[in-house]
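Chain and residue survey
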Amino acid sequence: MLLKKALAGVFVALILGACSTDFQLEAEYKDIPVVYAFISKQDTAHYIRLEKAFLQPGGNANQIAQIADSIYYAKAIVQLEKVATGQRFTLTRVDGAREGYPRQDGPFAKTPNYLYKIKANQLNLKGGEQLKLLINRGEGKALITAQTTVVSDLALLDRPGSPIAFIDYNRQISFSWNTPVEAKVFDVRLRLYYRETTTGNNYVNKTLEWVLKSDLERSSSDTDTRINYTITGEQFFKFIADNIDATQNRRRIFDGMDFLVNGAGSEMVEFLRISRANTGITSSQVVPMYTNIPNGVGIFTSRSTAARKGLQITAPTADSLRAGKFTRQLNFQ
C-alpha cells in the first residue's frame, strides 16, 4: 500500500529543529523504520528519532497512533560509527519531553516522546569525517544502516559592515560567508528586533523572522568556498511594512538584527529536489518520496549553523524607516 507523508515547512523545520519534526506514515503491516537524524558538530548533544510505519489490516490509524508501543521499537539499539576508525557509540533512549523537546500536538502519542541521545563530548565529531548510522531492531531483523559526511563550521564574513545602509532603495546589500565543501544547501534569514508601546515608556520586545531563501543550493560544480546572498533596500523596507501592523497608536524603536545561515549536506539537496518534483498544473500530484535509509524511510544528514548578531542600521536608514514611503505609517521613532 502507498506510504503517505505529511510535512509542513520541511527545510526550516528539519534543519533548525530536527527533534520537533513529526512524520505520519501508514502502510500494510510490516516493519518499516522511520528515521530522522540531523547531526551537527556544534550541538552539545545529538538526538535521533526512530519510529515505525504501521497500519494493521482493518485497523484504525488514529487509534493506533495514540498507543506508544505501536510507534516505537521496544528493544532497538541505535549506534553511530566513525567510518575511518570503525569506532562505534551506542545511543541512550530518552524521553524527549524531559530533554526539552516535547512532541507537538498531532495524531501520535505525545508521551513518551522517545529519542536516542549521545552527548557531543562522547562522540567528538570532526568536520568532513564520514559517519554511519546503525539500527538493530532486534528479533533477527536486518540491520538498518545509512551514512553521511559531517558538515564543518560555516564562517560568516564581515560583509556588509555594520551599521548597514539601506537608505537607497535600489542599492544591493550582499551578505557573505565561507562554506565547507560538505555543505550543499542553505537556509538564509534575517532576524529583526524592535520594541513597541501604546502607553508611555512601557515597551514590549518584538521579533520578525525574514526568510531570505530557504533552499539556496550550491552548484555541484562550484569550487568557490564563498557564498553571497543579495537583497535591496526596497526589499528590506517592504518586508517590514508587510509584516508589522500599521496601528497608528503604537510607537516603535528599531533595535537591530541578526544574520543567520544554516547549511546541510547533500542528502538534503536530494530531499528538496524530490519534494519539488512532479508539481504544478500538469503534474499528477503524486510526489515521490526521498529517503537515504535503505529498507526504511527518512533522512540521515548533517548540518551547521552560523550567525552574525547585533547588526545595526545607519542613521539615514533609521530616518527612512521613520519617514520613508513604505514604513512611515509604522511610527518608528
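These numbers come from a predicted model, not from an experiment.

With that settled, the discussion passes to the sheet that holds strand β10 (residues 172-178). Pairing in this open sheet of three strands is antiparallel, and the strands run β9-β10-β13 from one edge to the other. In this open sheet, the two strands that pair with only one neighbour each are β9 (155-156) and β13 (226-232). Pairing of β10 with β13 involves seven bridges; the strand directions are antiparallel. Within β13, the position partnered with Q172 by the bridge is T232.

This brings us to unusual backbone geometry. Across the junction of R159 and P160, the peptide omega takes the value 0°, indicating a cis bond. Secondary-structure assignment places P160 in the loop between β9 and β10. Of the consecutive residues S162 and P163, the connecting peptide bond is found in the cis state with omega at 10°. The topology assignment puts P163 in the loop between β9 and β10. Unlike most non-glycine residues, N295 shows phi in positive territory, near 60°. The backbone of N331 sits at a positive phi, close to 65°, despite the residue not being glycine. Structurally, the position occupied by N331 is in the segment after α7 (315-323). With a relative accessible area of 18%, N331 lands in the buried category.

Attention shifts here to the confidence of the model for the chain. Taken as a whole, the chain shows an average pLDDT of 83; of its residues, 78% reach a score of 70 or greater. Across the chain, the element-wise mean pLDDT spans from 44 in helix α1 (residues 10-16) up to 98 in strand β4 (residues 87-90). The low-confidence segment residues 1-27 (pLDDT under 50) makes 78 contacts with residues lying over four places distant or belonging to another chain. This stretch, residues 63-67, has a pLDDT under 50; its non-local contacts, to residues over four places away or in other chains, come to 15 contacts.

So, on to the sheet that holds strand β8 (residues 144-149). Strand pairing in a sheet takes place through backbone hydrogen bonds and is either antiparallel or parallel in direction. Ordered in space as β4-β3-β7-β8, the four strands form an open sheet in which the pairing is antiparallel. Taken across any chain shown, the strands that pair with only one partner, and hence form the sheet edges, are β4 and β8. Adjacent strand axes in the sheet meet at a mean angle of 25°, parallel and antiparallel pairs treated alike. Relative to β4, strand β3 (residues 77-82) runs antiparallel, the two being bridged by four bridges. Paired with K82 across the two strands is Q87, which belongs to β4.

Let us look at the environment of F271. Along the chain, F271 turns up in helix α6 (residues 266-276). Once the C-alpha coordinates of F271 and Y290 are considered, the two residues, 19 residues apart in sequence, prove to be 5.4 Å apart.

The subject of this paragraph is the nonpolar core. Nonpolar side chains in soluble globular proteins generally cluster together in the buried interior. The biggest cluster of nonpolar side chains holds 39 residues, and the ones touching the most others in it are W177, F236, M257 and F259. Contributing elements (two or more residues each) for this core: β10, β11 (185-197), β12 (204-217), β13, α5 (233-243), β14 (251-264) and β15 (297-311). Look past the residues within four positions of F236 in its chain and what remains in contact with it is F166, L192, W210, F254, M257, I313 and T317. Grouped together as the second largest cluster of nonpolar side chains are 23 residues, A37, A76, F89 and L91 included.

Turning to the side chain of S152, a few remarks are in order. Note on placement: S152 falls in the loop between β8 and β9. The exposure class assigned to S152 is buried, which follows from its relative accessible area of 19%. With near-sequence residues (within four places) excluded, S152 lies in contact with K41, G127, G128, P180, E182 and S304.

Moving on: the pairing of β3. When a strand is regular, its side chains alternate between the sheet's two faces. Most of β3 sits inside the fold, with five of its six residues counted as buried. Where β3 and strand β7 (residues 130-136) come together, six bridges link them in antiparallel fashion. Note on β7: the bridge partner recorded for I77 is N136. Following β3, the chain reverses through four residues before pairing antiparallel with β4; G86 in that reversal takes a positive phi of roughly 80°.

Time to look at α5. For α5, every residue scored as buried is listed here: G233, F236, F237, F239, I240 and A241. Turning to α5, the residues buried within the fold contact β11, β12, β13, β14 and α7.

What counts and what doesn't
- Residues numbered from 1 in each chain as written.
- Predicted model: local features only at pLDDT ≥ 70, side-chain atom pairs only at ≥ 80, totals over all residues.
- Heavy atoms only, no water.
- Pairing = 2+ DSSP bridges.
- Helix = DSSP H or I, 4+ residues; strand = E, 2+ residues; numbered from the N terminus.
- Buried < 20%, exposed > 50% of the residue type's maximum accessible area, 1.4 Å probe, protein only.
- pLDDT = per-residue confidence, 0-100.
- Contact = heavy atoms within 4.5 Å.
- Axes fitted to C-alpha atoms, helices over the stretch in contact; angles between N-to-C directions.
- Core = buried A, V, L, I, M, F, W, Y, C linked by side-chain atoms within 4.5 Å.

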